[in-house]
Amino acid sequence: MKDTLILAIESSCDETAASVVKNGRTILSNVISSQIELHKLYGGVVPEIASRKHIEKINQVVEQALADAQVTLDDLDAIGVTYGPGLVGALLVGVAEAKAIAYAKKLPLVGVHHIEGHVSANYIEHPDLEPPFLCLIVSGGHTHLVIVKDYGEFEILGRTRDDAAGEAFDKVARAIGLGYPGGPKIDKLSKEGNPEAIIFPKGKIGDSPYDFSFSGVKSAVLNYLNNAQMKGEEVNRADLAASFQKSVVDVLVEHTMLAAKDYQMDKIAIAGGVASNGTLRDAMTKACEANGYKFYRPSPIFCTDNAAMIGVAAYYEFIKGTRHGWDLNAVPNLKLGER
């Protein structure tokens, strides 16, 4: 059988990325141009600046991905691209680039759901992993607990009712003066603190045991800081970060273990930007070992936004026959499972 080569493009937020993927599992190149330093000045991603930077970088990143993979556009079988969810202006840059290449080279165009891409990152380093399995998706904009029934087919068991886990990390990091991006900075600082120092609430939804809520713990941290400020007390930021992180991680792990037991799933994966959090990875590893489950996690480089995961997801859509027309548009609020 001939190898299937897909050029994938990802531009949903503040990373301009391109990758060439062979047969859905082999990464021939993975180029990421990050804008983190640019957005640090503003304490978060500025959509207009992100879009302009994507326009500047997209051609260079695609050319680099092809060069690293030692292929040309003539070797490709399809173009995969993230079309949602994400920042509309940022998404449009990637979609326009993918359409232009696909049109010029008469190649099939395959639109990919960004969150499905994150789940697919697990296939890159785990050749033995195949659906069905349980996956905890944790990122800046999403917290979902899903059963991956087949490639590109999901059953959502639980989701956040308010803030996503990554959003809560960013807001708490800003409140304690760590700046952006919040998740990695809290993870780093918490290593110096005592996670048992402060007991923060764990959000539970009575009628939906697999759903999440992180606005309560975020508010509890802000109240703790306000009380300390009013009383003139000094706050141990490392203890605060460690205690907050423990509250979030405990809930993520507990809900995942409960769902695994209830649905008799013995393969568990994590995905999304927050899946690179060291405390979460350690806690999930221990919980899975204790319960006899097999645990899968992508390397941190494949947890944060990248095009390799989009190429993997695009491959499985491609072999199923998914093709998009020239009317493919950016869908900033695309829900998981929507097409």
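Let us look at the structure shown here.

1. Re the overall build of the chain
Right, on to step 1. When helices and strands are tallied, the chain shows twelve helices and ten strands.
Right, on to step 2. In terms of C-alpha radius of gyration, the chain reaches 20 Å, essentially the compact-globule figure of 20 Å for 339 residues.
Right, on to step 3. In the chain, once contacts between residues fewer than 6 apart in sequence are set aside, the share between residues at least 24 apart is 73%.
Right, on to step 4. Accessible surface for the chain amounts to roughly 14600 Å². Of this, 51% is attributable to carbon and sulfur atoms.

2. With respect to the sheet that holds strand β10 (residues 294-296)
Right, on to step 1. Reading across the sheet, the five strands line up as β8-β7-β6-β9-β10 and stay open at both edges, with mixed pairing between neighbours. On the outer flanks of this sheet lie β8 (153-159) and β10, each paired with one strand and no other. The average undirected angle you get between the axes of adjacent strands in this sheet is 25°.
Right, on to step 2. Sheet strands in contact with helix α9 (residues 237-262) are β6 (133-138), β7 (143-150), β8 and β9 (267-271), and its direction is about 160° off that of β6.

3. Comments concerning the nonpolar core
Burial of nonpolar side chains together is a common tendency in soluble globular proteins.
Right, on to step 1. Core analysis: the largest hydrophobic core is formed by 48 residues, its most contacted members being L134, F214, F244 and I268.
Right, on to step 2. Per-element accounting of this core gives the leading share, twelve residues, to α9.
Right, on to step 3. The next biggest cluster of nonpolar side chains, apart from the first, holds 35 residues, and it includes C135, V148, Y151 and Y296.

4. Structural notes on the packing of aromatic side chains
Right, on to step 1. Under the definition given, this model contains ten aromatic pairs.
Right, on to step 2. On the numbers, 5.3 Å between centres and 75° between planes, the contact of F169 with F244 is edge-to-face. With F169 in helix α6 (residues 165-175) and F244 in helix α9, this residue pair connects regions lying 75 residues apart in the sequence. Taken as a pair, F169 and F244 share a single burial class, namely buried.
Right, on to step 3. A centroid spacing of 6.1 Å and a plane angle of 80° characterise the contact between F200 and Y224, whose relative ring orientation is edge-to-face.

The rules behind the values
Residues numbered from 1 in each chain as written. Predicted model: local features only at pLDDT ≥ 70, side-chain atom pairs only at ≥ 80, totals over all residues. Heavy atoms only, no water. Helix = DSSP H or I, 4+ residues; strand = E, 2+ residues; numbered from the N terminus. Rg over C-alpha atoms; globule rule 2.2 N^0.38 Å. Contact = heavy atoms within 4.5 Å. Areas by Shrake-Rupley, 256 points an atom, 1.4 Å probe, with all protein chains shown as cover. Pairing = 2+ DSSP bridges. Axes fitted to C-alpha atoms, helices over the stretch in contact; angles between N-to-C directions. Core = buried A, V, L, I, M, F, W, Y, C linked by side-chain atoms within 4.5 Å. Buried < 20%, exposed > 50% of the residue type's maximum accessible area, 1.4 Å probe, protein only. Phe/Tyr/Trp six-rings, centres within 6.5 Å; stacked < 30°, edge-to-face > 60°.

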